[in-house]
Amino acid sequence: MSLYKPEYIHCNGEPFRIFLTDEEIQQRVNKLGQEISRDFSDKRPIFIGVLNGAYIFLSDLMRYVDIPCEVDFLKLSSYGDEKVSSGQVRELKDVDANIQGRHVILVEDIVDTGLSMKFLIDKLKRQEPASITTVTLLQKTEATQYDVKPDYVGFRIPNLFVLGYGLDYAQEGRNLAQIYILDESK
Ligand code: IMP
């Protein structure tokens, strides 16, 4: 069996072309893992992944990190079935760990408007961690309106809908091993 990586796909009736290959993603995630390992070597950080979108990125990222660390998750509602943000954040699950005094590394799949990340930083701050560092695999830099500046960014991408490697379109497509972008030429 090999990873699921078609050249071109239709998801919920819309066409998507390949945008970032498996190799490109792994190379970049490896680099981020090395940087985080170096920057947090004496800190025993706790990674907090934002479900559902970040689950694949976080599981790969952590396996490139070679220092003692922990993991926990929280969950926000997604876009629903749309391709544009609803402008609202709904919290579906909180972190279980006590993060007071801890070095938190918040891991997102994508920063679009920045609303979710802003909401999460404000929320986690109230639990008095020693520090909050933010990592996102993707950032739609042109779309980011809220005052957030992720500390580690995998790829800066155009303001188009993307899919795969954990990211969904109406809950489909998370199982794609690569990242696909809406094919506007079709
Ligand atoms: P923001 O709050 O507008 O920054 O949006 C963040 C969340 O919206 C992400 O964590 C994703 O769940 C979702 N999202 C934003 N852009 C995309 C996309 O292009 N594809 C799939 N999900 C997206």
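Below: a short report on this structure. All values reported here derive from a predicted model rather than from experimental measurement.

### Re the nonpolar core
Ranked by internal contacts, the top residues of the largest apolar core, which has 28 residues, are I36, F57, L61 and L138. Mapped onto this core, the elements with two or more residues apiece are α1 (22-39), α2 (55-63), β6 (103-111), β7 (131-139), β8 (152-156) and β10 (179-182). Those residues in contact with F57, other than ones at most four positions away along the chain, are V29, L32, V107, E108, V135, T136, L137 and Y165.

### Brief notes about the packing of α1 against α2
In the contact formed by α1 and α2, the axes pass within 8 Å of each other and the chain directions differ by 60 degrees. Considering the angle they form, α1 stands oblique to α2. Along this stretch, α1 crosses α2, giving a crossing that reads as right-handed. Together, Q26, V29, L32, G33 and I36 of α1 and F57, D60 and L61 of α2 make up the contact between the two elements.

### Comments concerning α1
For α1, built from 18 residues, the straight-helix expectation of 26 Å at 1.5 Å per residue is met to within 8% by its first-to-last C-alpha distance of 26 Å. Along α1, the positions that sit buried rather than exposed are D22, I25, V29, L32, G33, I36 and S37. When α1 is viewed along its axis, its buried side chains cluster within an angular range of 135 degrees and face the same direction. Turned more than 90 degrees off the buried face of α1, the exposed positions are E23, Q27 and R38.

### What to know about the sheet that holds strand β3 (residues 46-51)
Across the sheet, which stays open at both edges, the 6 strands sit in the order β5-β4-β3-β6-β7-β8 with mixed pairing between neighbours. Both outer strands of the open sheet, β5 (91-93) and β8, are each paired with one neighbouring strand and no more. With direction set aside, neighbouring strand axes in the sheet form an average angle of 25 degrees. Seen against the sheet, α2 touches β3, β4 (70-76), β6 and β7 and runs at an angle of roughly 160 degrees to β3. Packing of helix α3 (residues 115-125) onto the sheet brings it into contact with β3, β4, β5, β6 and β7, and relative to β6 it is tilted by some 165 degrees.

### Some points on the environment of S85
Its location among the elements puts S85 in the loop between β4 and β5. C-alpha separation for the pair S85 and D112, spaced 27 residues apart in sequence, amounts to 8.3 Å.

### Examining α2
Turning to α2, its buried residues number three or more, namely I56, F57, L58, D60 and L61. In the core, the buried residues of α2 are packed alongside α1, β3, β4, β6 and β7.

### Description of the packing of aromatic side chains
In this structure the tally under the stated criterion is 3 aromatic pairs. Within the aromatic cluster, the residues linked to one another by ring pairs are F16, F161 and Y169. Above the plane of the ring of F40 lies K43, whose end atom (NZ or CZ) is 5.9 Å from the centre.

Basis of the calculations
- In this numbering scheme, every chain counts its residues from 1 along its sequence in written order.
- The model is predicted, so local features are restricted to residues of pLDDT at least 70 and side-chain atom pairs to those at 80 or more, both for listing and for counting; the totals for chains, interfaces and linings are taken over all residues.
- Side-chain metrics in this entry use all non-hydrogen atoms of the structure; hydrogen atoms and water are not considered.
- The nonpolar core is taken to be a set of buried Ala, Val, Leu, Ile, Met, Phe, Trp, Tyr and Cys residues, with the residues joined through side-chain atoms within 4.5 Å.
- Throughout this description, buried means an accessible area under 20% of the type-specific maximum (1.4 Å probe, protein chains only), exposed means over 50%, and partly exposed covers the range between.
- What counts as a helix is a DSSP run of H or I of at least four residues, what counts as a strand is a run of E of at least two, and both are numbered from the N terminus.
- Between two residues, a contact is recorded if the distance between any of their heavy atoms is within 4.5 Å.
- In this analysis, axes come from line fits to C-alpha atoms, helices being fitted only over the stretch in contact, and the angle between any two N-to-C directions falls in the range 0 to 180 degrees.
- Under this scheme an angle from 65 to 115 degrees is roughly perpendicular, one under 35 degrees roughly parallel, and one over 145 degrees roughly antiparallel; angles in between are oblique.
- Handedness of a crossing is defined here by the sense of rotation of the near helix relative to the far one, left-handed for an anticlockwise turn of less than a right angle and right-handed for a clockwise turn.
- Expected helix span is taken as 1.5 Å per residue step, with the number of steps being one fewer than the number of residues.
- In this description, the arc belongs to the directions extending from the helix axis to the C-beta atoms.
- Pairing between strands is defined by DSSP: at least two bridges between them are needed.
- Between 30 and 60 degrees the pair is tilted, below 30 it is stacked and above 60 it is edge-to-face, where a pair is any two Phe, Tyr or Trp rings, Trp via its six-membered ring, whose centres lie within 6.5 Å.
- For a Lys NZ or an Arg CZ to count as sitting over a ring, it must be within 6 Å of the ring centre and within 35 degrees of the ring normal.

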